[in-house]
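Examination of the molecular architecture
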Amino acid sequence: MVARIRLVAVFCTFDVLVFVLCILAFRTVTHGRNNKPSFVSGANLQQSIYDISLSNDTGNHFVTENKTILSFHASVYGNDSSTSMKTFINRTDYRPCSWKITECRRKLPQAIVIGVKKCGTGTLRYFLKFHPQVAFNADEEMHYFNIPSRHAKGIQWYRRHMSLSWPNQLTIEKTPRYFVSSVAPTGIRDEISPKTKIIVLLRDPVKRSISDYLAVRKTEGLTLQNPVNSSNQLPPYTDPIYDIKSSFENSVLDLNGDIKSWNGLINIGLYSNHLRRWLDVFPRQQILVLDSDTLTHDPLKAFRLIEQFLDLSPFFRPEHFYFSKRKGFYCLKMSGKVSCQGSSKGRTHPTVDQSVIDKLKAFYEPYDKELMELLGRNFSWIS
Ligand SMILES: Nc1ncnc2c1ncn2[C@@H]1O[C@H](COP(=O)(O)OS(=O)(=O)O)[C@@H](OP(=O)(O)O)[C@H]1O
């Protein structure tokens with residue numbers, strides 16, 4: 001009798017073990033490694049195919065952008081209990097789009113971040129991508145309206161590069177070079193829509209030029225010793241050209257000590273000149289001009305303005321922004337994870353000769369005054 005009971009006990013234990021193993025095996029097959037539903041793993045995902053590593057505040061790279069966005073989306077889609085989210089998220093529309101779903105389409109952008117280079121456009125995109133009603137294009141920058149060889153591929157080529165989006169999602173593209181392009185405003189109006197919303201970030205033009213100098217040096221090395229007119233720059237494509245020397249001072253001043261206003265480092269900061277071209281083509285209320293300082297120091301305010309302008313539901317909340325002492329900037333905090341911009345943003349600026357700074361400030365003064373008149377408002381760097 002005892003032997004039989006033992007035998008039954010052994011069988012039962014074995015069965016329970018098999019049952020538990022089966023459950024575990026089943027979970028492994030149907031869920032990702034982090035116990036997230038399998039759609040979070042990124043296999044079907046059409047959004048953001050490039051892979052920007054995100055880091056937590058201790059510098060450990062732990063997750064890719066796709067995964068963060070999607071695991072965050074999944075957590076909201078799944079069991080987020082916050083009422084503010086529930087009030088605006090249509091749960092059906094909240095699933096990631098896939099080519100298998102008929103409502104998912106690649107739309108031409110309804111809004112474009114046109115610039116300005118080194119004024120925080122990357123951060124704007126990086127954060128705004130988390131808004132559930134936003135679908136950013138997969139490639140970081142399209143350069144469709146400013147580079148002739150790209151433009152020649154046609155508007156359907158451009159559309160094919162947009163992310164799949166739900167009918168209620170806004171497709172957005174960002175290419176900072178559009179701001180200074182002579183043909184981008186009419187191109188966007190005629191090929192996309194005269195109703196396209198335009199977003200521009202502006203930063204102290206002196207700081208912008210130093211930041212740009214570092215960026216161009218980093219990407220081009222010191223190969224741009226002479227002014228380079230790239231083959232893409234034939235008229236009417238009049239993007240500013242760069243002249244980069246071994247120091248910032250020598251890059252922005254010529255041998256007589258005069259400012260090289262044609263140099264991209266300087267020319268891009270002539271905001272009023274460039275903005276006028278956009279105001280000639282789009283109504284003022286269709287252009288949101290943001291002070292980059294607001295994005296840097298009060299990101300919540302900046303994103304509330306953006307949400308309002310784009311008619312998006314209010315999504316961002318104070319707890320989504322985390323100030324990283326290590327980075328010296330705000331990072332995004334979603335589902336307990338902190339993700340900051342990569343090392344190409346927030347580089348330490350070189351010490352620049354004060355006389356050159358003063359000269360540049362004086363040079364930009366009349367343009368800044370024009371900017372204030374044009375927009376009827378002040379900016380943080382203008383005293
Ligand atoms: N939260 C946060 N994190 C990192 N960086 C931030 C942030 N907010 C604003 N900025 C400022 O963004 C500047 C880079 O601008 P862009 O993203 O427009 O550069 S780019 O044109 O796309 O290369 C970058 O300029 P530099 O500091 O000169 O590198 C930052 O000052």
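Refer to the preceding data block for the structure.
Residues numbered from 1 in each chain as written. Predicted model: local features only at pLDDT ≥ 70, side-chain atom pairs only at ≥ 80, totals over all residues. Heavy atoms only, no water.

**Describing the sheet that holds strand 8 (residues 197–202)**
On the basis of which strands lie adjacent, the open sheet formed by five strands has the order 5-7-4-8-9 and parallel pairing. Of all the strands in the sheet, just strand 5 (134–136) and strand 9 (287–291) have a single pairing partner and so form its edges. Adjacent strand axes in the sheet meet at a mean angle of 25 degrees, parallel and antiparallel pairs treated alike. (Pairing = 2+ DSSP bridges. Helix = DSSP H or I, 4+ residues; strand = E, 2+ residues; numbered from the N terminus. Axes fitted to C-alpha atoms, helices over the stretch in contact; angles between N-to-C directions.)

**Looking at the site of the ligand**
Near the ligand you find 19 residues, and of these T121, S211, Y330, G346 and H349 are the closest. Between G120 and the ligand, the recorded distance is 3.0 Å, taken from a backbone N or O atom to an oxygen atom. For the ligand, an oxygen atom lies 2.9 Å from a polar atom in the side chain of K345. About the coverage of the ligand: the protein hides 93% of its 650 Å² of free accessible area. Secondary-structure elements contributing two or more residues to the shell around the ligand are helix 4 (121–128) and strand 11 (329–334). The biggest single contributor to the shell around the ligand is helix 4, with three residues. (Near = heavy atom within 4 Å. Polar contact = N/O pair within 3.5 Å; in protein donor to acceptor, adjacent residues only side chain to side chain. Areas by Shrake-Rupley, 256 points an atom, 1.4 Å probe, with all protein chains shown as cover.)

**Notes on the pattern of salt bridges**
Side chains carrying opposite charge are able to pair once their charged atoms draw close together. Inspection of the entire model under this criterion finds nine salt bridges. For the salt bridge of E370 with R276, the shortest nitrogen-to-oxygen distance reads 2.8 Å. Here the residue E370 occupies a position in helix 14 (residues 354–375), and R276 occupies one in helix 11 (residues 271–279), the gap between them amounting to 94 residues. Owing to a relative accessible area of 30%, E370 belongs among the partly exposed residues under this scheme. For R276, a relative accessible area of 33% puts it in the partly exposed group. (Salt bridge = Lys/Arg side-chain N within 4 Å of Asp/Glu carboxyl O. Buried < 20%, exposed > 50% of the residue type's maximum accessible area, 1.4 Å probe, protein only.)

**Quick look at the packing of aromatic side chains**
Counted by the stated rule, this structure contains 20 aromatic pairs. Aromatic side chains Y144 and F145 sit 4.8 Å apart centroid to centroid with 85 degrees between the ring planes, which places their arrangement in the edge-to-face category. Across this residue pair, the class does not change: Y144 and F145 are buried. When the centroid spacing of 5.6 Å and the interplanar angle of 45 degrees are considered together, the rings of F363 and Y367 count as tilted. In this pair, F363 and Y367 both sit in helix 14, four residues apart, roughly one turn of the helix. Three or more aromatic residues joined by ring pairs make a cluster, and in this case those are Y126, F127, F303, F315, F316 and F321. Sitting above the plane of the F379 ring, R377 keeps its charged end 4.1 Å from the centroid. (Phe/Tyr/Trp six-rings, centres within 6.5 Å; stacked < 30°, edge-to-face > 60°. Lys NZ or Arg CZ within 6 Å of the ring centre and 35° of its normal.)

**What about the environment of R95?**
Position of R95 relative to the elements: it lies in the loop between helix 3 (83–88) and strand 3 (105–106). Since its relative accessible area comes to 31%, R95 is described here as partly exposed. When the C-alpha atoms of R95 and W166 are compared, they prove to be 9.0 Å apart, with 71 residues separating the residues in sequence.

**Here we look at the state of the cysteines**
A disulfide bridge is the covalent bond that connects two cysteines by way of their sulfur atoms. Tallied over the entire structure, the rule returns two disulfides. Shown here is the disulfide that connects C97 with C104, its sulfur atoms set 2.1 Å apart. In this structure, the disulfide formed by C97 and C104 twists by about -95 degrees around the S-S bond and is classed as left-handed. For C97, a relative accessible area of 9% translates into the label buried. Through a disulfide, C331 is tied to C340; the S-S separation comes to 2.2 Å. On the sign convention where negative means left-handed, the S-S torsion of about 105 degrees between C331 and C340 marks this disulfide as right-handed. Look at C331 and you get buried, because its relative accessible area is 1%. Under the relative-accessibility criterion, C340 is labelled buried at 1%. Each bonded cysteine of the chain gets a number by its place in the sequence, and the pairs then read 1-2, 3-4. (Disulfide = S-S within 2.5 Å.)

**Thoughts on helix 4**
Residues that lie three or four places apart on an α-helix share one face, since the helix turns once every 3.6 residues. Of all eight residues that make up helix 4, eight are buried, and the element is covered over most of its length. Of all the positions in helix 4, only T121, G122, T123, L124, R125, Y126, F127 and L128 are classed as buried.

**Observations regarding unusual backbone geometry**
Working note: non-glycine residues mostly have negative phi, and peptide bonds are mostly trans. Here the residue pair G115 and V116 is connected by a cis peptide bond, since its omega of 5 degrees sits within 30 degrees of zero. If you trace the backbone, V116 turns up in the loop between strand 4 (111–115) and helix 4. One non-glycine residue, H143, adopts positive backbone phi at about 55 degrees. Tracing the backbone shows H143 in the loop between strand 5 and helix 5 (148–151). Judged by its relative accessible area of 16%, H143 falls in the buried class. Positive phi values are uncommon outside glycine, yet D311 reaches one of about 60 degrees. In this structure, D311 sits in the loop between helix 13 (299–309) and strand 10 (321–324). For D311, a relative accessible area of 64% puts it in the exposed group.

**Details of helix 7 (residues 184–191)**
Three or more residues of helix 7 are buried, namely A184, P185, G187 and I188. Along the axis of helix 7, the buried residues cluster in a sector spanning 170 degrees; they form a single face. Residues of helix 7 that are buried in the fold lie against strand 4, strand 8 and helix 11. (Arc of directions from axis to C-beta. Contact = heavy atoms within 4.5 Å.)

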